[in-house]
Amino acid sequence: MSKAAGKHINNVPYQSKSIVVELNLTSSDKAPAQWVKVKLLFVRSISESKQQASKHDWALFLTTDSQLEDEKILEVYALRWGIEVYFKEAKQKLGFLKEQSRHYTNCIK
């Protein structure tokens, strides 16, 4: 496990812990095992007013690139988050998130 305390993202101090594990991706007990190595990165911001972290303070990131540095995982996620927010706002402004009918059968083609 790696631990990084006192690092900063956008002037916000954070703590991170990461671990590399192997997950079996098979969906049944009878299928052959499909093991994949993944890196789990747990991150929380550090608050001086809060002495003890609760389980809700942590965010979890998963990557199949187990050699990726913790900081790089957070950097890539921050870039992706910006893209996701842009597309959501664009869809809202263009009306793509509104449907014309409230009946499920009308939506199936």
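Heads up: these notes are all about the structure in this document. Chains are numbered independently. Their residues run from 1 in the order of the written sequence. A pLDDT threshold of at least 70 governs which residues receive local features in this predicted model, and a stricter bar of 80 or more applies before side-chain atom pairs are shown or counted, although totals over entire chains, interfaces and linings include all residues. Computation of side-chain values covers all heavy atoms of the structure but excludes hydrogens and water.

1. Focus: the overall build of the protein chain
A tally of regular secondary structure across the protein chain gives two helices and four strands. Where helices and strands are cited, they refer to DSSP runs of H or I of at least four residues and of E of at least two residues respectively, numbered from the N terminus. Across the protein chain, helices and strands are ordered from the amino to the carboxyl terminus as β-β-β-β-α-α. A 1.4 Å probe rolled over the protein chains alone gives each residue an accessible area, and that area as a share of the maximum for its type sets the label: buried under 20%, exposed over 50%, partly exposed in between. Classification of the 109 residues of the protein chain by burial places 17% in the buried group. Any two residues whose heavy atoms approach within 4.5 Å at even a single point are treated as in contact. A separation threshold of at least 6 residues defines the contact pool for the protein chain, and within that pool the share at least 24 residues apart is 39%.

2. Concerning the side chain of Ser18
Looking at the element boundaries, Ser18 is found in strand E2 (residues 12–24). On the basis of relative accessibility, which here comes to 7%, the residue Ser18 falls in the buried class. One polar contact links Ser18 to Asp70, side chain to side chain, over a distance of 3.4 Å. Think of a polar contact as two N or O atoms within 3.5 Å of one another; within protein, one of them needs to be a possible hydrogen donor and the other a possible acceptor, and neighboring residues in sequence only count if both atoms come from side chains.

3. Section: the packing of aromatic side chains
By convention, a stacked pair of Phe, Tyr or Trp rings (six-membered ring in the case of Trp) has centres within 6.5 Å and planes under 30 degrees apart, an edge-to-face pair has planes over 60 apart, and any other such pair is tilted. Using the criterion set out here, one finds three aromatic pairs in the structure. Taking the centre distance of 6.1 Å and the plane angle of 25 degrees together, the rings of Tyr77 and Trp81 count as stacked. One end of the pair, Tyr77, and the other, Trp81, are both in helix H1 (residues 70–94), four residues apart, so they sit about a helical turn from each other. Take Tyr77: its relative accessible area is 36%, and that puts it in the partly exposed class. Measuring from centroid to centroid gives 5.5 Å for Tyr86 and Phe87, while their planes differ by 70 degrees, and the two rings are edge-to-face. Of the residues examined, Phe87 reaches a relative accessible area of 49% and is grouped as partly exposed. Taken together, the ring pairs in this structure connect Phe61, Tyr77 and Trp81 into an aromatic cluster.

Scope: geometric values only; no functional claims are made or implied.
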